[in-house]
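Residue-level structural notes
Letter by letter, the chains look like this.
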Amino acid sequence: MGTVRDSAGVTIVENTLESIWSVSDQWTLEEEVRIGAIEGDPDYQFGAIGFIAVDSRDRMFVMDAMAQHIKVFSSDGRYEQTIGGPGAGPGELGQQAIQLFMGPGDTLVVPDMANQRINRYAPDGTSLGSFRLEIEKGIPLAINATRSGVIVEQVRPLALPDQPVKDTMDAIVRLASDGTVLDTLKKFKGGESFNLSGPNPELTIFAVEPAWQIMEDMRLCFGLNNDYSIEVFSSDGVLERIIRKPFTQTPVTDSDRELIVEAMVELWTGAGVPPQAIPRLRQIISFGEFYPAFAAIQRGPG
């Protein structure tokens, strides 16, 4: 059995390695609708599916990162419309647009890193404008939004070659609808996945990285992915709970590294990267010694 105890006002939840749920308690998956086609109607074909959001009518909004648009389907899987398209004009989406979130009143919130902005769309797909992401003030690493309309962003200080960094700490900040920073929810040491401060960029796969999620009641869940320990902070930043689970580190093998690099080369080639640039890209990749304890934190029902 797991245990729950108090430590100086903080609730410590210690889970067991083996699940204590009975078969009747366990979550199950049941297919309700299937959308997509290899051939035929292009409205049902996808290039590379990113995030999916669902509105109050159970309509599904599917980001196609390759086509740079959002397809909308009814609750029974019938195609309704396409929102956006490739470009930099109003309502258009740049490359690397993957995320989308459902905001208040079924408005869509769509981070667009290539165009350095966050786009907003009405339920009928009409563009509601955008606000600029100020890259010079920090690199936006992750963006989340609640159904009540709160937009929260993780920002990493921009380290330029031969220039001192004013602040070495990442920050999770709350944004206004025009992109203004309203509040800093948490500051912490940044992860180690990439480094842009040297003469060449460096990418370390399976490096130690922070993971977080903002809850609907504005509690913040936070943890480092090298250990199974999640901290839960109240809306005013007070540590309330720590959730732990036993975790044994799994080494990343040489064959794992080779398979991952091969997969990345395939992605680069499919994206149109010139063959002569591939060897240089391979050189910037390195690996952490172990697989992470978890990949991400997601909020769910209740």
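Preceding this paragraph is the structure being described.
As the structure is a computational prediction, the values presented were derived from the model and not from experiment.

1. Quick notes on the pairing of strand E1 (residues 3-7)
The side chains of a regular strand alternate, residue by residue, between the two faces of the sheet. Note that E1 and strand E2 (residues 10-14) share five bridges and pair antiparallel. Its bridge partner lying in E2, Arg 5 is registered against Ile 12. Counting the residues that bridge the hairpin from E1 to E2 gives two residues, and of these Ala 8 lies at a positive phi of roughly 55 degrees.

2. As for the nonpolar core
One finds Phe 61, Ile 70, Leu 100, Leu 108 and Val 110 to be the most contacted residues of the largest nonpolar core, which totals 13 residues. Contributing elements (two or more residues each) for this core: strand E4 (60-64), strand E5 (69-73) and strand E8 (108-112). Every residue in contact with Leu 108, bar those within four places of it in the chain, is listed here: Ala 53, Phe 61, Ile 70, Ile 83, Leu 100, Phe 101, Met 102, Asn 119, Arg 120 and Tyr 121. If you look at the next biggest cluster of nonpolar residues, it comprises 12 residues, including Phe 101, Val 109, Phe 131 and Val 155.

3. Overview of the packing of aromatic side chains
In this structure the tally under the stated criterion is 10 aromatic pairs. Plain terms: the ring middles of Tyr 44 and Phe 73 are 5.8 Å apart, the flat faces sit at 45 degrees to each other, and that makes the pair tilted. Taken together, the residues span a long stretch of sequence, with Tyr 44 in the loop between E2 and strand E3 (49-54) and Phe 73 in strand E5 at a distance of 29 residues. Under the relative-accessibility criterion, Tyr 44 is labelled partly exposed at 22%. Ring pairs connect the aromatic residues Tyr 44, Phe 46, Phe 73 and Tyr 79, which therefore count as one cluster. Its end group placed over the ring of Phe 46, Lys 71 keeps NZ or CZ at 5.3 Å from the ring centre. Seen from the ring of Tyr 228, Lys 245 lies directly overhead, with NZ or CZ sitting 5.5 Å from the centre.

Rules behind the numbers
- Residues numbered from 1 in each chain as written.
- Predicted model: local features only at pLDDT ≥ 70, side-chain atom pairs only at ≥ 80, totals over all residues.
- Heavy atoms only, no water.
- Pairing = 2+ DSSP bridges.
- Helix = DSSP H or I, 4+ residues; strand = E, 2+ residues; numbered from the N terminus.
- Core = buried A, V, L, I, M, F, W, Y, C linked by side-chain atoms within 4.5 Å.
- Buried < 20%, exposed > 50% of the residue type's maximum accessible area, 1.4 Å probe, protein only.
- Contact = heavy atoms within 4.5 Å.
- Phe/Tyr/Trp six-rings, centres within 6.5 Å; stacked < 30°, edge-to-face > 60°.
- Lys NZ or Arg CZ within 6 Å of the ring centre and 35° of its normal.

Taken by themselves, the reported measurements are silent on function.
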